[in-house]
Amino acid sequence: MPSRTRGPVLHLDLLRREPDHVRVAARRRGIGAEFVDRILDLDRERRAALTTVEALKAEKNALTAEIGKAADKKAAAAGLRPRIAELDARIAAAGERLPAFDQQIDAALTEVPNLLDGSVPDGSDEHANVLVRSWGEAPRFAFTPKPHWEIGERLGIFDFERAAKLSGSRFTVLRGAGARLSRALAQFFLDRAARNGYVEIDPPLLVSRSTMWSTGQLSKFSDQMYSFDGDGASDALYLIPTAEVPLTAMHRDELLAGDALPVRYAAHTPCFRKEAGAAGKDTRGLIRQHQFEKVELVWLTTPERSFDDLETLVRNATGLYEELGIAHRVMLLCAGDTGFNAAKTFDVEAWMPGADTYREISSCSNCTDFQARRSSIRFRREAGAKPELVHTLNGSGGAIGRTLVAIVENYQRADGGVTIPEILRPFAGFASIEPDGRVR
């Protein structure tokens, strides 16, 4: 666990002031609220120990002052020395308890999810998510549309069998036009990010344990991460599950100028996840992979504008699929479906004809000051002003593998070929994948 130079994810003062608010927020997420009383009990014990230390120190100071006032200081000191020694021992014993309380409180707080925004609807799972808006109509086919894995294997652009030979399940080899189309999507997404004012970053793919912890990935999601141990726990490195991690943590322990906000970053990276909690789900195709690519968008902004900035982030994501001509919808996630770090999340879901349903293709979240408190990312509005925590936002702009799925399924043809969306052709260098796998 990192030291207390960085704050816990939930401020202890809030828990003291508004314990019922925290209880309600936890229950809305479908988790127990017993941690509230447990943390408050630890806090009371800690403060009692601290009060004891202060009282003992005051008693010792009084005895020291008494010695200073005595006519015969030597005699007074000799007479009071045993009592002072006893007080020193009691002060040390009481003081030794304080770090243990700090560690227990911090450990408990790190397992507490972010507080939900009041606009997040109640509900336990995705069935309670709320439709915000939709765009476009699902294509109508004069034939039964096929899933992307059938199309891709027939065209020779997806090779699942050889990927399994190389790495096991949930990996894919992209071949020929498939690899070119994936690269074209990355270039298209980064081009649009630059147009929208994002600064492109090429971050490390391996990050430290403290970096993972500071952005809320540990210890809640440790079972989903790939890690490599060094000489000790402090040397462990983790493959990033998303570029959100290095992009957010770049400003860890920094004090930013208020007029520099918002800061907006974009990065195209591979991402690595064990998908430990997804056994048996989406086992075929590109939807749920251990290794995948996406362009991630991250904001560092001020508290008063963060929810407006979230709307902008969502528009940045949906704009991509409007240009690609893929029908999609925006869903506001309910309390039980909102992620650990997020106060509010919108999912962008694209129509997937092969599955005859909408599937998540981007997820855009406002994490408020949850990650910033953990990372100690602050800003100062003006010279001499008190430092404040930034708010952090993140979203996919966009997910390359899942967008590849959406294009192959939505633009499939009766002859087995796939037409490339017009906006993507300058990036891909071709207009279609023909039934024999060649491009034209």
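Asks: Any chance you could break down the pairing of strand 9 (residues 263-272) for me, citing the residues and the numbers?
Replies: Of all ten residues that make up strand 9, seven are buried, and the element is covered over most of its length. Sheet topology note: the strand 4 (residues 199-200)/strand 9 ladder contains two bridges and is parallel. Pairing of Glu-200 across the sheet is with Ala-266, part of strand 9. Judged from the ten bridges that link them, strand 9 and strand 10 (residues 291-301) form a sheet pairing that is antiparallel.

Asks: Just give me the short version of the pattern of salt bridges, but keep the residues and values in it.
Replies: According to the stated counting rule, one finds 25 salt bridges in the structure shown. Two residues, Arg-381 and Glu-304, come together in a salt bridge whose shortest N-O distance is 2.8 Å. Residue Arg-381 is found in the loop between strand 14 (377-380) and strand 15 (388-389), and its partner Glu-304 is found in the loop between strand 10 and helix 10 (306-323); the two are separated by 77 residues along the sequence. The exposure class assigned to Arg-381 is partly exposed, which follows from its relative accessible area of 40%. The structure contains a network of salt bridges with shared partners spanning Asp-13, Arg-16, Asp-43 and Arg-47.

Asks: Could you give me a rundown of the confidence of the model for the chain, with the residues and numbers involved?
Replies: Taken as a whole, the chain shows an average pLDDT of 92; of its residues, 95% reach a score of 70 or greater. Every residue in residues 1-8 scores below 50 in pLDDT, and together they form 18 contacts with partners more than four places removed in sequence or on other chains.

Asks: Account for helix 4 (residues 73-109), with residues named and values stated.
Replies: With 37 residues, helix 4 extends 50 Å from end C-alpha to end C-alpha; this agrees with the ideal 54 Å at 1.5 Å per step. Where helix 4 bends most, the angle comes to about 45 degrees, and this point is Leu-80, followed within four residues by the proline Pro-82.

Asks: I'd like a rundown of the side chain of Asp-43, residues and numbers included.
Replies: Relative to the elements of secondary structure, Asp-43 occurs in helix 3 (residues 34-69). The class for Asp-43 is buried, based on a relative accessible area of 0%. With near-sequence residues (within four places) excluded, Asp-43 lies in contact with Leu-12, Arg-16 and Ile-105.

Asks: Please give an account of a nonpolar patch on the surface that cites residues and values.
Replies: Together, Leu-206, Phe-228 and Leu-237 make up an exposed nonpolar region whose accessible area comes to about 260 Å². On the secondary structure map, Leu-206 appears in strand 5 (residues 206-208). Given the relative accessible area of 39%, Leu-206 is considered partly exposed.

Asks: How would you explain the layout of surface pockets if you had to name every residue and give the values?
Replies: Volume-wise, the second largest pocket comes out at about 340 Å³. Forming the walls of the second largest pocket are 17 residues, and the residues nearest its centre are Thr-172, Leu-174, Gln-289, Gln-291 and Phe-292. Contributions of two or more residues to the lining of the second largest pocket are made by helix 6 (160-167), strand 3 (173-174), helix 7 (177-195), strand 10 and helix 12 (400-410). Looking at the lining of the second largest pocket residue by residue, the class counts come to ten nonpolar, six polar and one charged.

Asks: Could you give me a rundown of empty space enclosed by the protein, with the residues and numbers involved?
Replies: Evaluated as defined, the whole model comprises two cavities of 30 Å³ or more. What the largest cavity holds in volume is close to 50 Å³. What lines the largest cavity is Phe-189, Arg-192, Ala-193, Asn-196, Tyr-198, Leu-297, Asn-316, Leu-320 and Gly-397. Mapped onto the lining of the largest cavity, the elements with two or more residues apiece are helix 7 and helix 10. Tallied by class, residues from the lining of the largest cavity come to five nonpolar, three polar and one charged. In this structure, the second largest cavity occupies an estimated 30 Å³ of space. Among the elements that take part in the lining of the second largest cavity, helix 2 (residues 19-28) stands out by supplying three residues, more than any other. Here the residues of the lining of the second largest cavity sort into eight nonpolar, one polar and one charged.

Asks: Kindly report on the packing of aromatic side chains, identifying the contributing residues and their values.
Replies: Under the criterion given, the structure shown has eight aromatic pairs. For the ring pair Phe-188 and Phe-189, a centre distance of 5.8 Å and an interplane angle of 45 degrees mean the geometry is tilted. We classify Phe-188 as buried; its relative accessible area is 0%. Both rings, one in Tyr-198 and one in Trp-299, keep their centres 6.1 Å apart while their planes meet at 85 degrees; by these two values the pair is edge-to-face. Linking Tyr-198 in the loop between helix 7 and strand 4 with Trp-299 in strand 10, this pair joins segments that are 101 residues apart in sequence. A single burial state applies to Tyr-198 and to Trp-299, both of which are buried. Here the aromatic cluster, defined as three or more aromatic residues joined through ring pairs, consists of Phe-188, Phe-189, Tyr-321 and Phe-427. If you follow Arg-264 out to its NZ or CZ, it ends over the ring of Trp-299, 5.2 Å from the centre.

Asks: For the sheet that holds strand 15, give the residues involved together with the corresponding values.
Replies: Spatially, the three strands line up as an open sheet ordered 8-14-15, and their pairing is mixed. The sheet terminates laterally at strand 8 (254-257) and strand 15, the two strands that pair on one side only.

Asks: Give me the sheet that holds strand 12 (residues 344-352): which residues, what numbers.
Replies: The pairing of strands in a sheet comes from backbone hydrogen bonds and takes either a parallel or an antiparallel form. Taken in spatial order, the eight strands make up an open sheet running 1-11-12-13-16-10-9-4, and their pairing is mixed. A single partner strand is all that each edge strand has here, and the edge strands are strand 1 (130-135) and strand 4. This element, helix 7, spans strand 4, strand 9, strand 10 and strand 16 (391-399) of the sheet and lies at about 5 degrees to strand 10. The strands that helix 12 touches are strand 9, strand 10, strand 12, strand 13 (357-366) and strand 16; relative to strand 12, the one it contacts most, it runs at about 30 degrees.

Scoring rules and cut-offs
Residues numbered from 1 in each chain as written. Predicted model: local features only at pLDDT ≥ 70, side-chain atom pairs only at ≥ 80, totals over all residues. Heavy atoms only, no water. Buried < 20%, exposed > 50% of the residue type's maximum accessible area, 1.4 Å probe, protein only. Helix = DSSP H or I, 4+ residues; strand = E, 2+ residues; numbered from the N terminus. Pairing = 2+ DSSP bridges. Salt bridge = Lys/Arg side-chain N within 4 Å of Asp/Glu carboxyl O. pLDDT = per-residue confidence, 0-100. Contact = heavy atoms within 4.5 Å. Expected span 1.5 Å × (residues − 1). Bend = angle between axes of the 7 residues up to and from the residue. Patch = residues over 30% accessible without salt bridge, like charges linked within 9 Å, V, L, I, M, F, W, Y side chains within 5 Å. Areas by Shrake-Rupley, 256 points an atom, 1.4 Å probe, with all protein chains shown as cover. 1 Å grid on protein atoms, 1.4 Å probe; cavity = no way out; pocket = protein on both sides within 12 Å on 5 of 7 lines; lining within 4 Å. Points joined across faces, edges and corners; volume = space filled by probe spheres on them. Nonpolar A, V, L, I, M, F, W, Y, C, P; charged D, E, K, R; others polar. Phe/Tyr/Trp six-rings, centres within 6.5 Å; stacked < 30°, edge-to-face > 60°. Lys NZ or Arg CZ within 6 Å of the ring centre and 35° of its normal. Axes fitted to C-alpha atoms, helices over the stretch in contact; angles between N-to-C directions.

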